[in-house]
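Examination of the molecular architecture
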Amino acid sequence: MKFFIDTANIAEIREAASLGIIDGCTTNPTLLSREKGSYKDVLKEICAIIPGPVSAEVVSMDAEGMVREGKDLCKVADNIIIKVPCIREGVKALSMFKKEGIQTNATLCFSSMQGLLVAKAGATYVSPFVGRVDDVGNPGMDLIRELVQIYNNYSFGTQVIVASIRHPQHVYESALIGADVATIPFKVLEQLIKHPLTDSGVKSFLADWEKVTKK
Ligand code: E4P
């Protein structure tokens, strides 16, 4: 299972990368809007820290514009992946990117049928937004289960990135289902390692070790 870090914050990306378990990074316009400096400079810095795929999203609403924008974003670094929304023009753009050999991430995926279409269009990754599905009262993880099954049924090469992760349970279920990637916000990454029994265990071992060294 691959772990991507879901942020555009350089300090968080550096800290996450130092763990040695981060395979890529996902950004979106909202995440980039929170950071200082030009978005291209921020992306360039992220690409230098993370050697794996770094998703950058297009904002054009027509396929030609998406492709133009995507090609421009590709100039930022070799590891940029173009994020394209799961809309009709997005499907066209995904097919066009596929023909050009440009890697893509079909984002804002909320149904398994959207996922089927973007896989047929040749998306490298698909990003189903589990947290946002949960927010409207439906089980977000069901979407992951369905996509993994559909892609397996037909041996699609598109990789499922579990996105819009809100808590460790989303990562836990993604791993059990066999999703290819979880893109994890920094806060959730911290929650994944933290356990009160580990903390109290470390505390008591250190206290006991002090007695040993004082003997
Ligand atoms: C990642 O690719 C998505 O853009 C991100 O996970 C969305 O998360 P949110 O629903 O918390 O905004």
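A brief look at the structure comes next.

Rules used throughout
- Residues numbered from 1 in each chain as written.
- Predicted model: local features only at pLDDT ≥ 70, side-chain atom pairs only at ≥ 80, totals over all residues.
- Heavy atoms only, no water.
- Helix = DSSP H or I, 4+ residues; strand = E, 2+ residues; numbered from the N terminus.
- Buried < 20%, exposed > 50% of the residue type's maximum accessible area, 1.4 Å probe, protein only.
- Contact = heavy atoms within 4.5 Å.
- Lys, Arg positive; Asp, Glu negative; His and termini not counted.
- Charge placed at Lys NZ, Arg CZ, Asp CG, Glu CD.
- Axes fitted to C-alpha atoms, helices over the stretch in contact; angles between N-to-C directions.
- Parallel < 35°, antiparallel > 145°, perpendicular 65-115°, else oblique.
- Core = buried A, V, L, I, M, F, W, Y, C linked by side-chain atoms within 4.5 Å.
- Near = heavy atom within 4 Å.
- Polar contact = N/O pair within 3.5 Å; in protein donor to acceptor, adjacent residues only side chain to side chain.
- 1 Å grid on protein atoms, 1.4 Å probe; cavity = no way out; pocket = protein on both sides within 12 Å on 5 of 7 lines; lining within 4 Å.
- Sits in = over half its atoms within 2 Å of the grid points.
- Nonpolar A, V, L, I, M, F, W, Y, C, P; charged D, E, K, R; others polar.
- Pairing = 2+ DSSP bridges.
- Phe/Tyr/Trp six-rings, centres within 6.5 Å; stacked < 30°, edge-to-face > 60°.
- Right-handed = clockwise from strand over helix to strand, strands pointing away.

Time to look at the overall build of the protein chain. Helix and strand counts for the protein chain stand at 11 helices and eight strands. A principal-axis box enclosing the C-alpha atoms of the protein chain has dimensions of 75 × 40 × 30 Å. Within the protein chain, the fraction of its 215 residues that count as buried is 48%. Counted over contacts in the protein chain with a minimum sequence separation of 6, partners at least 24 positions apart contribute 57%. A distance of 1 Å separates the average location of the 24 positive side-chain charges in the protein chain from that of its 25 negative side-chain charges.

So, about the packing of helix α1 (residues 10-18) against helix α3 (residues 39-49). Two measures define how a pair of helices packs: the angle their axes make with one another and the distance between the axes. As a packed pair, α1 and α3 sit with axes 10 Å apart at the nearest point and diverge in direction by 5 degrees. The angle between α1 and α3 places the two elements in the roughly parallel class. Within the contact between the two elements, α1 uses Ile10, Ile13, Arg14 and Ala17 and α3 uses Val42, Glu45, Ile46 and Ile49.

Attention now moves to the nonpolar core. In terms of nonpolar packing, the biggest core is built from 60 residues, with Ile5, Ile46, Ile50, Ile80 and Ile144 touching the most fellow members. A total of seven residues in this core trace back to one element, the largest contributor, which is helix α8 (residues 140-153). Grouped together as the second largest cluster of nonpolar side chains are five residues, Phe4, Ile81, Tyr125 and Ile161 included.

Inspection of the region around the ligand gives Asp6, Thr26, Asn28, Lys83, Phe129, Arg132, Ala163, Ser164 and Arg166 as its neighbouring residues. Here an oxygen atom of the ligand and a side-chain polar atom of serine 164 are 2.7 Å apart. Counting atoms within 2 Å of the grid points, the majority share of the ligand lands in the largest pocket. Considered class by class, the residues forming the shell around the ligand number two nonpolar, three polar and four charged.

This next bit is on the sheet that holds strand β1 (residues 2-6). The eight strands are arranged β1-β2-β3-β4-β5-β6-β7-β8 in a closed barrel whose pairing can be described as parallel. Pairs of neighbouring strands in the sheet enclose a mean axial angle of 30 degrees, with direction left out of account. As paired strands, strand β3 (residues 54-57) and strand β4 (residues 80-85) are joined by four bridges and run parallel to one another. Across the sheet, residue alanine 56 finds its bridge partner in β4, namely isoleucine 82. On top of the sheet, helix α4 (residues 63-74) reaches β3 and β4; it is set at about 160 degrees to β4, its chief contact.

This part is about the packing of aromatic side chains. Each aromatic ring pair is summarised here by two numbers: the centre-to-centre distance and the angle between the ring planes. Under the criterion given, the structure shown has four aromatic pairs. Look at phenylalanine 110 and phenylalanine 129: their rings are 5.6 Å apart centre to centre, the planes differ by 65 degrees, and that puts the pair in the edge-to-face class. Of the two residues, phenylalanine 110 sits in the loop between β5 (104-109) and α6 (112-120) while phenylalanine 129 sits in the loop between β6 (125-128) and α7 (130-135), which places them 19 residues apart along the sequence. Relative accessible area serves as the criterion here: at 36%, phenylalanine 110 is assigned to the partly exposed category. Using a relative accessible area of 6% as the deciding quantity, one classes phenylalanine 129 as buried. Each member of the aromatic cluster is reached from another via a ring pair, and the members are Tyr151, Tyr154 and Phe156.

This part covers the pairing of β5. Summarising burial for β5: five of the six residues are buried, a large majority. Strand direction decides the pairing type here: β4 and β5, joined by four bridges, are parallel. Residue pairing for β5: proline 85 is matched across the bridge by threonine 107. Tracing the backbone out of β4, into helix α5 (residues 88-100) and back to the parallel element β5 gives a crossover that is right-handed. Both β5 and β6 contribute to a ladder of three bridges, which runs parallel. If you follow alanine 106 over to β6, its bridge partner there is valine 126. After leaving β5, the chain enters α6 and then returns to the sheet as β6, a path that is right-handed.

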